[in-house]
Amino acid sequence: MTATYTTTPREDGFRMPGEFEPHDGCWLIWPERPDNWRWGAKPAQESFAAVAAAIAKSEPVRVAVSTAQYQNARHMLPDDVQVVEMATNDSWVRDCGPTFVIDDKGNRRGIDWDFNAWGGLHSGLYFPWDLDDQVAGKVLEFERAGRYKAPIVLEGGSIHCDGEGTLLVTEECLLHPNRNPDLSREEIEQVLRDYLNVDRIIWIPNGVYNDETDGHVDNLCCFVRPGVVLLTWTDDENDPQYAISKAAKEVLENAVDAKGRKLEVHTIHQPGPIFISEEESRGVDAVDGTLPRVAGDRLAGSYVNFYIASSRIVFPLLDAKWDEQAKTKLQELFPEREIVGVPAREILLGGGNVHCITQQVPKPQVR
């Protein structure tokens with residue numbers, strides 16, 4: 001059984017590293033629930049398998065799979081991807097899995113946040129979520145990493161760190177009353193400082209338009225490296241995303257990070273807009289307590305929702321009009337990594353994308 005610490009990562013000298021720092025591996029969770037993924041998740045499973053295969057060319061990959069889906073997943077996934085039997089409610093390991101922290105002595109531990117399916121009983125996306133709330137602890141035990149039990153509801157997709165003490169978040173998500181209604185902004189900040197060991201928190205007003213996670217920052221913007229940020233963008237001033245991205249850009253360009261640097265802000269044009277088709281909507285089972293997938297609803301598509309693997313960037317292919325331009329921009333920003341696109345509309349139909357379904361395991365380093 002993995003150790004649970006009553007101290008905080010900050011007290012113990014642990015920090016959240018940037019995603020661009022070295023990895024020991026990556027976790028995914030296999031999709032299967034028919035009330036979120038169309039046609040029994042078969043199309044989504046093809047996309048998840050493609051993401052796992054692309055990342056596995058760069059670093060070890062483990063996929064958590066239910067008992068019922070074990071044989072199917074083992075058949076669909078490459079041999080070099082490890083399949084781990086684990087009970088879950090859905091497949092968003094970025095949000096229900098642990099946030100790993102490392103120190104300068106070669107040690108790795110993880111944070112187990114409270115998970116309430118993006119809103120709990122009032123506006124959460126599904127019920128129950130009890131198995132997902134156990135995922136972080138199970139992954140930490142598998143990785144033999146010590147555990148910090150954090151005192152707030154938080155998802156991994158709602159935070160993005162530069163590894164040097166600066167954190168990106170959105171007010172829309174972290175201050176939403178369906179997460180931690182009894183905590184003030186200052187109290188939430190203090191928990192983030194204590195558990196992620198950050199000194200500067202940059203609050204962006206809103207996430208991507210119509211994002212069902214209440215505006216996760218990882219769909220809007222991310223750190224390319226310390227001091228450099230990539231932001232989703234549109235040139236269409238009539239698109240609701242334009243005002244959101246413009247406001248975010250102003251905040252980022254006027255911010256100073258924990259090291260006293262002004263941020264260098266790059267933009268990447270969004271795909272679409274992308275909408276759910278009638279055929280796609282019909283393929284999803286209608287179940288009370290689960291967010292409906294209605295034809296005509298706009299999906300929160302973004303090329304920022306990519307995964308930084310050890311030697312690759314795995315990004316979503318979402319729109320033939322913009323895919324190649326997105327790849328070129330990512331290659332410009334990550335010249336040392338191979339840029340690999342994977343068909344990802346099926347993941348987007350479930351409510352997220354490549355970054356949402358992955359969780360890196362950082363490599364401990366001695367400094």
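From a predicted model like this one, the values you see are computed outputs, not experimental measurements.

A. Examining unusual backbone geometry more closely. With an omega of -5°, the peptide bond between Phe 127 and Pro 128 qualifies as cis. Following the sequence through the fold, Pro 128 ends up in the loop between α5 (120-123) and α6 (135-142). In this chain, Gly 272 is followed by Pro 273 through a cis amide linkage whose omega measures 10°. Note on placement: Pro 273 falls in the loop between β13 (264-269) and β14 (274-275). One non-glycine residue, Ala 117, lies in the positive phi region at around 60°. Inspection of the secondary structure assignment puts Ala 117 in the loop between β6 (108-114) and α5. By relative accessible area, Ala 117 is classed as buried at 0%. In the Ramachandran plot, Asn 210 falls in the positive-phi region, its phi being about 65° despite a non-glycine side chain. According to the relative accessible area criterion, Asn 210 is partly exposed, its value standing at 44%.

B. Quick peek at the packing of aromatic side chains. In total, this model carries 12 aromatic pairs according to the counting rule given. One aromatic cluster is present, built from ring pairs that chain together Tyr 5, Phe 14 and Tyr 148.

C. Looking closely at the state of the cysteines. Summed over all chains, the structure comprises zero disulfides. Its sulfur unpaired, Cys 96 is 12 Å from the next cysteine sulfur, which belongs to Cys 356. With no disulfide of its own, Cys 356 lies 11 Å from the sulfur of Cys 173, the closest cysteine sulfur.

D. Summary view of the pairing of strand β4 (residues 81-85). Relative to β4, strand β3 (residues 61-65) is paired through five bridges, and the arrangement is parallel. Looking across to β4, one finds that Ala 64 is bridged to Val 84. Considered for its hand, the β-α-β crossover made up of β3, helix α3 (residues 70-76) and β4 is right-handed.

E. Spotlight on the sheet that holds strand β17 (residues 312-317). On the basis of which strands lie adjacent, the open sheet formed by three strands has the order β16-β17-β18 and mixed pairing. Edge strands, defined here as strands with exactly one partner in the open sheet, are β16 (307-308) and β18 (338-343). As defined by bridge partners, β17 adjoins β18 across six bridges and the pair is classed as parallel. In the strand pairing of β18, Ile 313 is matched with Ile 339. Here helix α2 (residues 42-56) sits on the sheet in contact with β16, β17 and β18, set at roughly 165° to β18. Packing of helix α11 (residues 323-333) onto the sheet brings it into contact with β17 and β18, and relative to β17 it is tilted by some 160°.

F. Main features of the layout of surface pockets. There is about 230 Å³ of room inside the largest pocket. Along the walls of the largest pocket sit 20 residues, with Asn 210, Glu 212, Arg 293, Arg 298 and Leu 299 positioned nearest its centre. Tallied by class, the residues present in the lining of the largest pocket amount to seven nonpolar, seven polar and six charged. In this model, the second largest pocket occupies a volume close to 190 Å³. Of the residues belonging to the lining of the second largest pocket, the class tally is two nonpolar, three polar and six charged.

Each value, and the rule that gives it
- Residues numbered from 1 in each chain as written.
- Predicted model: local features only at pLDDT ≥ 70, side-chain atom pairs only at ≥ 80, totals over all residues.
- Heavy atoms only, no water.
- Helix = DSSP H or I, 4+ residues; strand = E, 2+ residues; numbered from the N terminus.
- Buried < 20%, exposed > 50% of the residue type's maximum accessible area, 1.4 Å probe, protein only.
- Phe/Tyr/Trp six-rings, centres within 6.5 Å; stacked < 30°, edge-to-face > 60°.
- Disulfide = S-S within 2.5 Å.
- Pairing = 2+ DSSP bridges.
- Right-handed = clockwise from strand over helix to strand, strands pointing away.
- Contact = heavy atoms within 4.5 Å.
- Axes fitted to C-alpha atoms, helices over the stretch in contact; angles between N-to-C directions.
- 1 Å grid on protein atoms, 1.4 Å probe; cavity = no way out; pocket = protein on both sides within 12 Å on 5 of 7 lines; lining within 4 Å.
- Points joined across faces, edges and corners; volume = space filled by probe spheres on them.
- Nonpolar A, V, L, I, M, F, W, Y, C, P; charged D, E, K, R; others polar.

Function cannot be inferred from these measures alone, as they are strictly geometric.
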